[in-house]
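# A closer look at the structure
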Amino acid sequence: MGELIKDGLRIDGRKPDELRPIKIEAGVLYRADGSAYVEWGGNKVLAAVYGPRELLPKHMQDPTKAVVNARYNMASFSVEDRKRPGPDRRSIEISKVTSEALESVIFTELFPRAVIDINIEILDAEAGTRCAGITAAAVALADAGIPMRDIPAACAAGKVDGQVVLDLRKEEDQEGEADLPIAIAPRTEEILLLQMDGHLTYKEFEEALELAIKGSKYVSKLQKEALRRKYKKVEEE
Ligand code: UDP
């Protein structure tokens, strides 16, 4: 304790309620129906959406709605110690919660028997990759023209050195007391994903949740700007 916050500032000079720098670009892949690239602090994330298209094999189909299939994958070179390629417990868990968060805003009933595939590739990882991944995937879904109630946005808050802070970087995630990643539908502030690692008192939890919602709303602004930029460019061409 006492190493991560000095004179009210964090190790990278951020205030407790400040995000890392975030850049979002929509429509970066030619082959995908929709795509997005996100840089968020030291994270670099690519998302590609394919579909809606017929789900095969047929016995996997749902006659009432589309299946939303998000796959979170960490490149073996994305972390300090080379990550063994392929799915592990952690990436299966993140894929599941990401699929559920995104499915809850998509009008899946419009596409019976279909699948919407969402590939999230973590090229560089520096904590907060699930939030960066959901943020990229949401922009890619909008870029693909998938009908949604809202464009989900994600952000984490947490606790380091006894203080509630926004958007943990690697050292804060590793040495801090808690991490609370969330995803929201920004228009209604409906919570689409909420996970927690570590310990918070109820009061701290409320404070962290409020901060993470504020962060997500700022991320939402950046997502919309990225989509507007993309469509402005298409219009000009
Ligand atoms: N990490 C790693 N190797 C792994 C998994 C994670 O080095 O196999 C690092 C990576 O920087 C990641 C961070 O640990 O961003 C935090 O991981 P966590 O499971 O909390 O998910 P995240 O915060 O990325 O959503």
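This write-up is about the structure you can find in this document. (Residues numbered from 1 in each chain as written. Predicted model: local features only at pLDDT ≥ 70, side-chain atom pairs only at ≥ 80, totals over all residues. Heavy atoms only, no water.)

## Points about unusual backbone geometry
Defined as follows: The numbering of helices and of strands both runs from the N terminus, where a helix is a DSSP run of H or I of at least 4 residues and a strand a run of E of at least 2. Burial here depends on accessible area, computed with a 1.4 Å probe over protein chains only, as a share of the maximum for the residue type. Under 20% is buried, over 50% is exposed, and the range in between is partly exposed.
Along the chain, G51 connects to P52 via a cis peptide bond; the corresponding omega equals 0 degrees. Relative to the elements of secondary structure, P52 occurs in strand β5 (residues 43-54). At the junction of L56 and P57, the peptide bond is cis and its omega measures out at -5 degrees in the coordinates. Along the polypeptide, P57 turns up in the loop between β5 and β6 (67-74). The phi dihedral of D7 falls on the positive side, at around 50 degrees, and the residue is not glycine. Structurally, D7 is set in the loop between β1 (5-6) and β2 (9-10). Overall, D7 belongs to the exposed group, its relative accessible area being 81%.

## Examining the site of the ligand
Applied cut-off: Consider each residue's heavy atoms; a residue with any of them within 4 Å of a molecule or strand counts as near. Under this definition, polar contacts are N or O atom pairs within 3.5 Å; protein pairs additionally need one hydrogen-donor-capable and one acceptor-capable atom, and for neighbouring residues in sequence, both atoms have to be side-chain atoms. Here the accessible surface of atoms and residues is derived via Shrake-Rupley with a 1.4 Å probe, and residues count as covered only by protein chains that are part of the display. Three classes are used: nonpolar for Ala, Val, Leu, Ile, Met, Phe, Trp, Tyr, Cys and Pro, charged for Asp, Glu, Lys and Arg, and polar for all others, with Gly counted as polar.
Close to the ligand lie M74, V79, R90, A125, E126, A127, G128, T129, R130, K170 and D173, which account for all nearby residues. Within the side chain of R90, one N or O atom sits 2.7 Å away from an oxygen atom of the ligand. G128 places a polar main-chain atom, nitrogen or oxygen, 2.8 Å from an oxygen atom of the ligand. In isolation the ligand has 500 Å² of accessible area, and contact with the protein removes 77% of it. Listing elements by their share of the shell around the ligand, those giving two or more residues are α2 (129-143) and α3 (170-175). Classifying every residue of the shell around the ligand gives four nonpolar, two polar and five charged.

## Thoughts on the nonpolar core
The test is simple: Residues belong to one nonpolar core when they are buried, are Ala, Val, Leu, Ile, Met, Phe, Trp, Tyr or Cys, and are joined through side-chain atoms within 4.5 Å. A contact between two residues is defined here by any heavy atoms of the two lying within 4.5 Å.
One finds W40, I106, I116, I118 and L141 to be the most contacted residues of the largest nonpolar core, which totals 66 residues. Apart from the residues lying within four places of it in its own chain, the contact partners of I106 are V68, I116, L141, I146, P147 and M148. Judged by nonpolar contacts, the second largest core, of five residues, contains L4, I5, V160 and V165.

## Some words on the packing of α2 against helix α4 (residues 202-236)
For any two helices packed against each other, the geometry comes down to the angle between their axes and how far apart the axes lie. Note the following rule: Helix axes use the C-alpha atoms of the stretch in contact, all axes being lines fitted to C-alpha atoms, and the angles between their N-to-C directions lie in the range 0 to 180 degrees. Rotating anticlockwise by less than a right angle from the far helix to the near helix defines a left-handed crossing, while the corresponding clockwise rotation defines a right-handed one.
One can describe the packing of α2 onto α4 by two numbers: an axis separation of 10 Å at closest approach and a directional angle of 35 degrees. Like other packed secondary-structure pairs, α2 and α4 cross with a definite hand, here right-handed. Together, T135, A138, V139, A142 and D143 of α2 and V219, Q223, L227, K230 and Y231 of α4 make up the contact between the two elements. Here the residues of the contact of α2 with α4 sort into six nonpolar, two polar and two charged.

## Some words on the environment of D143
Structurally, D143 is set in helix α2. For D143, a relative accessible area of 8% gives the class buried. Here the alpha-carbon distance between D143 and S35, two residues 108 residues apart in the chain, equals 6.4 Å. At a separation of 2.6 Å, a polar atom in the side chain of D143 contacts the side chain of K230.

## Observations concerning the side chain of N73
Counting through the fold element by element, N73 comes out in strand β6. On the accessibility criterion, N73 (16% relative accessible area) is buried. When neighbours within four sequence positions are excluded, N73 is seen to be in contact with I120, E121 and I122.

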